[in-house]
Amino acid sequence: MIELWSNLPPLLQMAVKGFAVIAVMFPIGGACSLVERKISAWMQGRPGPNRAMPFWFAWVPVLGPFLQRLGVFHLMADGGKMFLKEDSLPGHVNKFYFLLAPVVAMIPALTTVTVVPFGAYLTDAGRLAPLVLANLDVGILAVFAVSSLGVYSLILAGWASNSKYPFLGGVRASAQLISYELSMTLSVLPVFLWVNAPGGSGTLSLFDVVQAQSGPWLSWSGAWFIFYMPVSAIVFLVSLFAETNRLPFDMAEGEADLVGGFHTEYGSMKWGLFFVAEYSHMLVGSGVFVLLFLGGWNPLPWVPLADVAAWLHLAGQPVLLGLLSIAIFLGKTLFFIFVFMWVRWTVPRFRYDQVMKLGWQKLLPLAIGNLIFYAALIAIIQLNLGWPAYAGLAAGAAAALVVAFTFPRKSAAF
Amino acid sequence: MFHLLFYTFTFLTLASALLVVVSRDAVNAAMFLLLSLVGVAGLFVMLDAALLAFVLLLVYAGAVVALFLFIIMLLDTRPGAQKPFQKLTMAAAGLGGALLLLGVGSLHARAQLPAAEEGLAVPSLKAYAQQLFTTYLLPVQVVGFMLLIAMLGVIVLSKRFETAEGGA
C-alpha cells in the first residue's frame, strides 16, 4: 500500500493530498453551520432543528428518531436548498466583483491549510515528522499573509453590491481586519522568540513550535505555551475572533444595524460560500491556536505524542500514529470551534467604536508590552543575569501596569 | 515548467501594473495593483526568497492595498469621474517611460554583470535578521523614522486640535 503510494508521480501525490485535506475541511465547514444552530438552541434551552428526515428513515428503529432529534438531515436539506433555489443577481451590482467576492472568500480559507501541520508520525529513523501539505520554513508568516487576503472578499462584496448597508459593512470590515492583524502578529512573536533558541538557524515553522512543546514529563519544555504566555494566548484568541468576523466582532454583517452587512445582496450558494469560508477560517484559526499555545498533537501537557506511541507500541506503524495524532489535533481544534460558538451565543455584539478602542487602545499596547516583557525575560535567561535582573523586570512590569491603569483617560466611555 | 512559471508571473506583474495606470475606475486599479503584487510575490518564491514573498503579501497585499480600497470607498469615487490626464503629465510620463526603457536597454546591451553563483544556499531567517540588525541597521531605522514623521504629519494635518474653551 505504502509502496504503491510512493510510486505515484509527485504531482499526483500532491493533488491527492490536497484534495484529501479539502475533502475533510469543506464538510466540517458545512457541518459547523448545523452545529452552530444546535449549540445555540442548547444554550437558549430549546430543541433546535429536529424535524427534517427522509420519510423512509422513520422506519429505522432507534437510529432514525435519534438522528432526527440531532438534526443531521437539516444539513442536507439546507445544502440542497442553497444549491437549488434561484440564484438571483441584482440589477444594480457590479457583476464581475459581485461574482468574484464569494470565490475570493474561499481561496485564502482553503489555501492557508497547506502550511498548517495537522499531525505527526514517526519515521523509520525514529524521528517525528509533520503531516502537512507544505512544511514551509516561514509557516506562520504564510498563514498570516494568505489569511490577510481574506479581507478582499468582504470589501469587494460590500463595494460591488452597490447599496448602502453592504457598503458600510465592507468599510467596517476593511478597517477592523487591518486593526486586529497588528495585535495578532505581535502576540505570537514571544512564542517564536522562545522557540528560536540561540544556535538554531531560525525558524517560523509551526511544526517546530509544537516540537518546542513536546518535552518529557515535568520538564520545562513539556509545558504548553498557554501556561507561560497566557497574555499572548488571550490577545491572539481575541484577535482571532475579530479576524474571523465572529460574533462579538461581526461588525461587517451586524444584522441589527446593517441588515446583513456585506452579504445583504447575496443569496443561495453564493451566500453559502461566505459561510463555509467563515467556518473554514475558524477551523484554520483554531488549528493555529492549538499549534501555537496548546501543544498541537500532544495529548496532554508533559505527555508528548512520542511517549504515547511508545506506550501503545505504535513505533513501527506510521499510519496508525498519524491517525492518532490527527484525531488529537482535530479534537482540540473542534473544541475551539465550540468555544467560538459558545462565545457567540454568550457575549453581546460590541459597538463599532468599542471594537476600534479595544483593538487600538487595549489589545495593541498589551501585545507590545507583552512582547517587550518576554524579550527582556528571554534575554535575562539567556545571559544568566541572576535574580536582580528578574526583580528589576518584575518591578518594571508592575510599574507599567500601574501606569497603564491609573493614567488619566479623557474618554471613559468604554 | 520553470520558464513557463517565470513568464506567467512576469506577464501577470507587468500587464496588471500597466492596467493599474490606465484603468479609469479606482477600484479596478487597486485590484490590478493587488494582482501585480501577487505576481511579484510569485517571482520572489521562484528566487527561493519565500520570506520576502510572504512579507510582501502580508504588508502590501494584505494591508496597504486594503487601506487603498478603504480610502477609495470612503471617498466614493465614481468610475470615470476623474479628470483626463493633463498634457504636461502625459509628457512627463512619456519622458520617464522612455528614460526607463533606455536604462533597461543599455543595461541589457552593455552591462557586465557577474555570473550568478551556482548552488548557493538559501539564506536562513537568521541570516536575514543578522543583516537587518547589523549591516543595515541604520537604513532600517532611518526608514522607520521617515514613516513615523509621515504619520505625525498626517495626524497634525488631519486632526483638528480644539482649544480648551472650545471644549472637546
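Predicted, not measured: the structure shown is a model, and the values here were computed from it. (Residues numbered from 1 in each chain as written. Chains lettered and ligands numbered in written order. Predicted model: local features only at pLDDT ≥ 70, side-chain atom pairs only at ≥ 80, totals over all residues.)

Brief notes about the overall build of chain A
The helix and strand tally for chain A stands at 17 helices and two strands. Computed over its C-alpha atoms, the radius of gyration of chain A comes to 23 Å, within 12% of the 22 Å expected for a compact globule of 414 residues. Taken along its principal axes, the extent of the C-alpha atoms in chain A is 70 × 65 × 45 Å. Across the 414 residues that make up chain A, the buried fraction comes to 41%. Across chain A, the fraction of contacts at a sequence separation of at least 24, relative to all contacts at a separation of at least 6, is 75%. (Helix = DSSP H or I, 4+ residues; strand = E, 2+ residues; numbered from the N terminus. Rg over C-alpha atoms; globule rule 2.2 N^0.38 Å. Buried ≥ 20, exposed ≤ 12 C-beta atoms within 10 Å, placed from the backbone. Contact = placed C-beta atoms within 7 Å.)

Observations regarding the interface of chain A and chain B
Facing the 25 residues of chain A at the interface are 20 residues of chain B. Breaking the side of chain A that touches chain B down by element, the ones donating at least two residues are helix 6 (139-147), helix 7 (151-160) and helix 8 (164-195) of chain A. In terms of residue class, the side of chain A that touches chain B is made up of 17 nonpolar, six polar and two charged. (Nonpolar A, V, L, I, M, F, W, Y, C, P; charged D, E, K, R; others polar.)

Things to note about the domain arrangement of chain A
All names here are of chain A. As far as domains go, chain A holds domain 1 (23-85) and domain 2 (89-369). For domain 1 versus domain 2, the distance between C-alpha centres works out to 26 Å. Contacts between the two partners involve 14 residues from domain 1 and, on the opposite side, 14 residues from domain 2. Where the side of domain 1 that touches domain 2 is concerned, the elements lending two or more residues are helix 2 (10-43) and helix 4 (72-84). By residue number, the principal contributor to the side of domain 1 that touches domain 2 is helix 2, which donates eleven residues. Residue classes in the side of domain 1 that touches domain 2 are distributed as eight nonpolar, four polar and two charged. (Domains from an automatic or database assignment.)

Thoughts on the domain arrangement of chain B
Once the domains are mapped, chain B shows domain 1 (1-78) and domain 2 (123-168). For domain 1 of chain B and domain 2 of chain B, the distance between their C-alpha centroids amounts to 24 Å.

Observations regarding the nonpolar core
Residue and element names in this part refer to chain A. Counting 127 residues, the largest nonpolar core has Phe289 and Leu292 as its most contacted members. Broken down by element, this core gets its largest block of residues, 15 residues, from helix 8. With residues up to four places along the chain from it excluded, the contact list for Leu292 reads Val188, Val191, Val209, Phe225 and Phe236. (Core = buried A, V, L, I, M, F, W, Y, C linked by C-beta atoms within 7 Å.)

Details of helix 2 of chain A
All names here are of chain A. The end-to-end C-alpha separation of helix 2 is 48 Å, in line with the 50 Å expected for 34 residues at 1.5 Å each. Its axis deflected by about 25° at Cys32, helix 2 carries its strongest bend there. Among the residues of helix 2, Met25, Gly29, Cys32 and Leu34 are the ones counted as buried. Buried residues along helix 2 sit in contact with helix 4, helix 5 (95-111), helix 13 (268-293) and helix 15 (318-344). Among the residues trailing helix 2, Gly45 stands out with phi positive, at a value near 70°. (Expected span 1.5 Å × (residues − 1). Bend = angle between axes of the 7 residues up to and from the residue.)

Regarding the packing of helix 6 of chain A against helix 3 (residues 50-75) of chain B
Remark: helix 6 of chain A packs on helix 3 of chain B, axes separated minimally by 8 Å, with the N-to-C direction vectors making an angle of 25°. By the angle between their directions, the pair helix 6 of chain A and helix 3 of chain B is classed as roughly parallel. Where helix 6 of chain A crosses over helix 3 of chain B, the handedness of that crossing is left-handed. Residues Leu141(A), Ala142(A), Phe144(A), Ala145(A) and Val146(A) of helix 6 of chain A lie in contact with helix 3 of chain B, whose contacting residues are Phe54(B), Val55(B), Leu57(B), Leu58(B) and Gly62(B). Residues that form the contact of helix 6 of chain A with helix 3 of chain B fall into these classes: nine nonpolar, one polar and no charged. (Axes fitted to C-alpha atoms, helices over the stretch in contact; angles between N-to-C directions. Parallel < 35°, antiparallel > 145°, perpendicular 65-115°, else oblique. Left-handed = near helix turned anticlockwise from the far one by under 90°.)

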